Amino acid sequence: MPVFEPPTRDMLFTLRRIGGLDEVAALPGHEEHGEELVAAVLEEAGRLAREVLAPLNPSGDRQGARMAADGVAMPDGFAAAYRRFAEGGWMSLPFDPGHGGQGLPWLVSTAVSELWHAANMSFALVPMLTQPAIELIARYGSAEQQARYLPQLIAGTWTATMEMTEPQAGSDLGLIRARAEPAADGTWRLKGQKIFITNGDHDLTENILHVVLARTPDAPEGTRGLSLFLAPKILPDGRRNDLHAVRLEEKLGIHASPTCVMAYGDGDGCVAEMVGERHRGLAHMFTMMNHARLSVGLQGVAVAERARQRALAYARERRQGRGAEGHGPVPIVEHADVRRMLATQTALTEAARGLVYHTAALLDRADRHPDATARAEAARDLALLTPVAKAWASEAGIAVADLGVQVHGGMGFIEETGAAQHLRDARITAIYEGTNGIQAHDLVARKVLADDGAGAAALAARLRDTAAAVEASPPLTALAAPFARAVAALEDATAWLLATGAGEDAGAAAMSYLRLMGLTAGAWCLLREALADDAPAGKAETAGFYVRHLLPRAAALAETVTAGASHLATAAPGAP
């Protein structure tokens, strides 16, 4: 099987040209985090990803996490790999040095995380959910809670979970039944069950901090009655808390990641403490969810990169059929349709990487830019693009992994090659942390309609500026008109949504609108890279392929947006 090769040079270029690394490094608190340091961090992370994490990916998939007598046991080799990860300080990259963090930008931490997910997505889910919990406690925790939990989590000696879903409450969190009863000592006692809990139990660390949504006795109905609680697996006095994994789910993919059914308060009571304000739990948890949603988009980028590398290596080695001059058998990379699939993989991977890195940089600008107006604009753009980055990049990852199976032909359907694992692992990204349909609804209802299209208009203006720059660049001029047409289609679709308003029509249009925005923003990222004076070889060709072969879908998506919902009543079986 091919060895994973961390694409650190390409990542660094995208950090610079799309993420604006120089500008991010100039933000207050990041002045020492220039390109030379970032390059060194990426190289060291790439070494750990290639040498330690990637070899565990196929074996972890085969063995899987499993229930043992004292809890969940991770696959062979994962505990040792996690020790190296934690001892290397990798959990701590973007966090406050006052609590043991390294204070690097979220942009850089995001790029590093791509390497973990590309090498071993199941392993990378451990830091992926711990880091948002750190951010949550840093923002809403009391000084005592921060002192108690942050050093342990940032050091990686503890990990954390995010626990919302219940059997009767999937995406509708207003149906949550888990209860929290006040205790005489000021703590709380949790009782209930949660499902689909990633890393709900494992044997990697000495403790696990469970971040749990539950309802207090005085809580109103619906999501406004939810509060947020912290419940450690091991209590400060060394006793085991009254919480445990009931079972592990058997899943399509990410077999090495334990997805647990968790039970609270079956015995003496699960000890917990509230974090943040009472009945503001869901609002607080959005801090975790928004970070996690961007990370899911990053998973799409990462699995796409790994699937792309595997498909290209196979296409260069597999010999089949005759070449252009009639000689054969030739490597299948010489066949036009295989080259089309490989080019599609590359274009989608690089476009998705650009979109996710651009969005990650907005985290840093919204938090640290010295100008209040610039912070507000970054926060607006971050809110707009987070659902797009999550949904569009995850769909890109699934598409690239699917093409990877196809490039392998019949061998892609055989587990031996590893191509199937990428597709199985990728499929969850369109579902968890809010399904992609929920992301589309969020984009349309809570972002575009809520601000009368101001954020979408600002994005379109930047896209038009890039179209003008492409028009003025002779090697790329021919790409300007088709890109401008896609931008116009996005603007027309936005105008239609604003005129239509919330309702069935907007709901029917939401997914196509999100895909239209993602597709067009992906072209924007590739064209900006192609315009750069220091663009690596092949960037202009990748942008050209994307604009000519993938971007024409923008017109069809715009037409779908404006089709409305009237046809759904008869087209959808069982519709009212």
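Numbers given for residues are sequential positions, taken from 1 along each chain in its written order. A pLDDT threshold of at least 70 governs which residues receive local features in this predicted model, and a stricter bar of 80 or more applies before side-chain atom pairs are shown or counted, although totals over entire chains, interfaces and linings include all residues. Each side-chain value is worked out from all heavy atoms of the structure, with water and hydrogens disregarded.

**Some points on the side chain of Lys194**
Okay, step 1: Under the DSSP-based scheme used, a helix requires at least four consecutive residues in state H or I and a strand at least two consecutive residues in state E, with every element numbered from the N terminus. Relative to the assigned elements, Lys194 resides in strand 5 (residues 188-198).
Okay, step 2: Here a polar contact is recorded for every N or O atom pair within 3.5 Å, except that within protein the pair must consist of a potential hydrogen donor and a potential acceptor, and residues adjacent in sequence are included only if both atoms are side-chain atoms. At 2.9 Å, the side chain of Lys194 forms a polar contact with the side chain of Glu166.
Okay, step 3: At 2.8 Å, the side chain of Lys194 forms a polar contact with the backbone oxygen of Leu213.
Okay, step 4: Residues in contact with Lys194, not counting those within four places in the same chain, are Glu163, Met164, Thr165, Glu166, Ile176, Ala178, Val212, Leu213, Cys260, Val261, Met262 and Tyr264. By the convention used here, residues are in contact when the closest approach between their heavy atoms is within 4.5 Å.

**Things to note about the packing of aromatic side chains**
Okay, step 1: By convention, a stacked pair of Phe, Tyr or Trp rings (six-membered ring in the case of Trp) has centres within 6.5 Å and planes under 30 degrees apart, an edge-to-face pair has planes over 60 apart, and any other such pair is tilted. Applying the stated criterion across every chain, the model contains nine aromatic pairs.
Okay, step 2: Their ring planes at 90° and their centres at 5.6 Å tell us that Phe95 and Trp106 sit as a pair that is edge-to-face. Here Phe95 is found in the loop between helix 5 (78-87) and helix 6 (106-119), whereas its partner Trp106 is found in helix 6, with eleven residues between them in sequence. Here Phe95 and Trp106 have matching classes, each one buried.
Okay, step 3: Residues Tyr149 and Trp158 carry aromatic rings whose centres are separated by 5.9 Å and whose planes lie at 55° to one another, so their mutual orientation is tilted.
Okay, step 4: Aromatic rings pair up to connect Phe78, Tyr82, Phe85, Trp90, Trp116 and Phe123 into one cluster.
Okay, step 5: Over a ring means this: the NZ of a Lys or the CZ of an Arg is within 6 Å of the ring centre and within 35 degrees of the ring normal. Positioned above the aromatic ring of Trp524 is the side chain of Arg528, whose terminal nitrogen or guanidinium carbon lies 4.3 Å from the ring centre. Each residue gets one of three labels from its accessible area relative to the maximum for its type: buried under 20%, exposed over 50%, partly exposed in between, using a 1.4 Å probe on protein chains only.

**Focus on the packing of helix 6 against helix 7 (residues 121-140)**
How two helices sit against one another is set out by the angle between their axes and by the gap between those axes.
Okay, step 1: Only the stretch in contact is used when a helix axis is fitted, and all axes are lines through C-alpha atoms; the angle between N-to-C directions ranges over 0 to 180 degrees. Between helix 6 and helix 7, whose axes approach to 7 Å, the crossing angle comes to 155°. Viewed along their axes, helix 6 and helix 7 adopt a mutual orientation that is roughly antiparallel. Along its contact with helix 6, which presents Trp106, Ser109, Ser113, Trp116, His117 and Ala119, the element helix 7 presents Met121, Ala124, Leu125, Met128, Gln131 and Glu135.
Okay, step 2: Here the residues of the contact of helix 6 with helix 7 sort into seven nonpolar, four polar and one charged. Put simply, angles under 35 degrees are roughly parallel, angles over 145 are roughly antiparallel, angles from 65 to 115 are roughly perpendicular, and the rest are oblique. In this count, Pro and Cys sit with the nonpolar residues alongside Ala, Val, Leu, Ile, Met, Phe, Trp and Tyr, while Asp, Glu, Lys and Arg are called charged and the others, Gly among them, polar.

**Some words on the environment of Pro2**
Okay, step 1: Within the element layout of this structure, Pro2 appears in the segment before helix 1 (8-17).
Okay, step 2: When near neighbours in sequence (up to four residues on either side) are disregarded, Pro2 contacts Arg310 and Ala313.

**Some remarks on the pattern of salt bridges**
Okay, step 1: Salt bridges, as used here, are contacts in which a Lys or Arg side-chain nitrogen is within 4 Å of a carboxyl oxygen on Asp or Glu. Following the criterion strictly, the structure yields 31 salt bridges and no others.
Okay, step 2: Between Arg424 and Asp61 there is a salt bridge, with its nearest N and O atoms 2.8 Å apart. Here the residue Arg424 occupies a position in helix 12 (residues 419-426), and Asp61 occupies one in helix 4 (residues 56-63), the gap between them amounting to 363 residues. The exposure classification of Arg424 matches that of Asp61, with both residues buried.
Okay, step 3: The closest approach of N and O atoms between Asp381 and Arg462, which form a salt bridge, is 3.1 Å.

**Points about helix 18 (residues 553-561)**
Okay, step 1: Three or more residues of helix 18 are buried, namely Ala554, Leu557, Ala558 and Val561. What you see down the axis of helix 18 is that its buried residues fit within an arc of 100°, all on one side. Exposed residues pointing more than 90 degrees away from the buried face of helix 18 are listed as Ala555 and Glu559. In this context, the arc is that of the directions from the helix axis out to the C-beta atoms.

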